[in-house]
Each structure stands twice: as structure tokens, then as C-alpha cells.
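A look at the structure
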Amino acid sequence: QVQLVESGGGLVQPGGSLRLSCVASGSVFYLARMAWYRQTPGAQRELVAAITSGGRPNYADSVTGRFTISRDNAANTAYLQMSNLKPEDTAVYYCNLWYPSGTDYWGQGTQVTVSS
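One structure accompanies this document, and this report is about it. Because the structure is predicted, anything quoted here is derived from the model rather than measured.

**Things to note about the sheet that holds strand β8 (residues 77–82)**
In space, the four strands of this open sheet follow the order β1-β3-β8-β7, with antiparallel pairing throughout. Sheet topology places β1 (3–7) and β7 (67–72) at the edges, where each strand pairs with a single neighbour. For this sheet the average axis-to-axis angle between neighbouring strands, irrespective of direction, equals 15°. Where β1 meets strand β3 (residues 18–25), five bridges bridge the pair, whose relative direction is antiparallel. Residue pairing for β3: Q3 is matched across the bridge by S25.

Have a look at this one:
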């Protein structure tokens, strides 16, 4: 049984920073692509950042240069370091694990609010 537990969300001012964490249990973490998605009310869920099993990252244009995705395979944990946050970054952020077999898993989401 695969479970993803997210943490690190909260309320920050514009220009501030947050680090999101995702701990995976019951999974072969090191074989999976890890990704962070986000979703706002009325919008589709969008890919924010992804990192391959080998550690190669990819970012959405809107966050390039501000966000950094990383993973610690020994700890079954992935991170999203967010800096220079903007109000438009406000969303529920979801952790995702995807395997080459086509199977993926989702966390329950953590709220990030950027506001003065």
C-alpha cells in the first residue's frame, strides 16, 4: 500500500520561502519519477516540477529559477524548495509518484498561501 504524506505548506508573504516535503511509504521510491503539482479553485491541476529516478529535474516556466525539486532516496522523501514566492503561487500542492509501468500515486495536498 503506497501512501504519500506532504508537509510544509502555510501562509507566507510575497518574497518569502517555504519548503515542502513528501514522504513515501510502501513504495519502491527510487524507481519512480517524483513530481509536484498544484491546483487552484476552478483550474486544472498543473505540473510544477518533476525529478527522475536519476535526479534530473524539470520545471514549469512559471517557477523556473525560483523553485528547486530534490529527492533523498534513502529517506524516501522528495522536497520542493520555493523561494521568492508570489501571490500567483497560491494553490494546493500535491505530491505525485509515477512509475514506468504507468501506475501513479497522489498525496492529499498541502495548502500554500502567499499573501500580504
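**Let's talk about a nonpolar patch on the surface**
On the surface, V28, Y30 and L31 cluster together to form a nonpolar patch covering roughly 290 Å² of accessible area. Mapped onto the fold, Y30 is located in the loop between β3 and β4 (33–39). Given the relative accessible area of 51%, Y30 is considered exposed.

**As for the pairing of β7**
Residues F67, I69 and R71 line the buried face of β7, whereas the alternating positions T68, S70 and D72 sit on a face that is not buried. Note: β7 against β8, six bridges, orientation antiparallel. From the neighbouring strand, R71 faces β8, where its bridge partner is A78. A loop of four residues connects β7 with β8, the two strands running antiparallel in sequence, and N76 in this loop sits at a positive phi of about 50°.

**A short note on the pairing of β4**
Summarising burial for β4: five of the seven residues are buried, a large majority. Pairing of β4 with strand β9 (residues 91–98), which is carried by seven bridges, proceeds in the antiparallel orientation. Across the sheet, residue W36 finds its bridge partner in β9, namely C95. Where β4 and strand β5 (residues 46–51) come together, five bridges link them in antiparallel fashion.

**Comments concerning the state of the cysteines**
What is meant by a disulfide is a covalent connection between two cysteines, made through their sulfur atoms. Counted under the stated rule, the structure contains one disulfide. What pairs with C22 in a disulfide is C95, and their sulfur atoms sit 1.9 Å apart. Given an S-S torsion of about -80°, the disulfide between C22 and C95 has left-handed geometry. A residue pair is termed long-range when its members are at least 10 positions apart, and C22 in strand β3 and C95 in strand β9 qualify at 73 residues. The class for C95 is buried, based on a relative accessible area of 0%.

Calculation rules
- Residues numbered from 1 in each chain as written.
- Predicted model: local features only at pLDDT ≥ 70, side-chain atom pairs only at ≥ 80, totals over all residues.
- Heavy atoms only, no water.
- Pairing = 2+ DSSP bridges.
- Helix = DSSP H or I, 4+ residues; strand = E, 2+ residues; numbered from the N terminus.
- Axes fitted to C-alpha atoms, helices over the stretch in contact; angles between N-to-C directions.
- Patch = residues over 30% accessible without salt bridge, like charges linked within 9 Å, V, L, I, M, F, W, Y side chains within 5 Å.
- Areas by Shrake-Rupley, 256 points an atom, 1.4 Å probe, with all protein chains shown as cover.
- Salt bridge = Lys/Arg side-chain N within 4 Å of Asp/Glu carboxyl O.
- Buried < 20%, exposed > 50% of the residue type's maximum accessible area, 1.4 Å probe, protein only.
- Disulfide = S-S within 2.5 Å.

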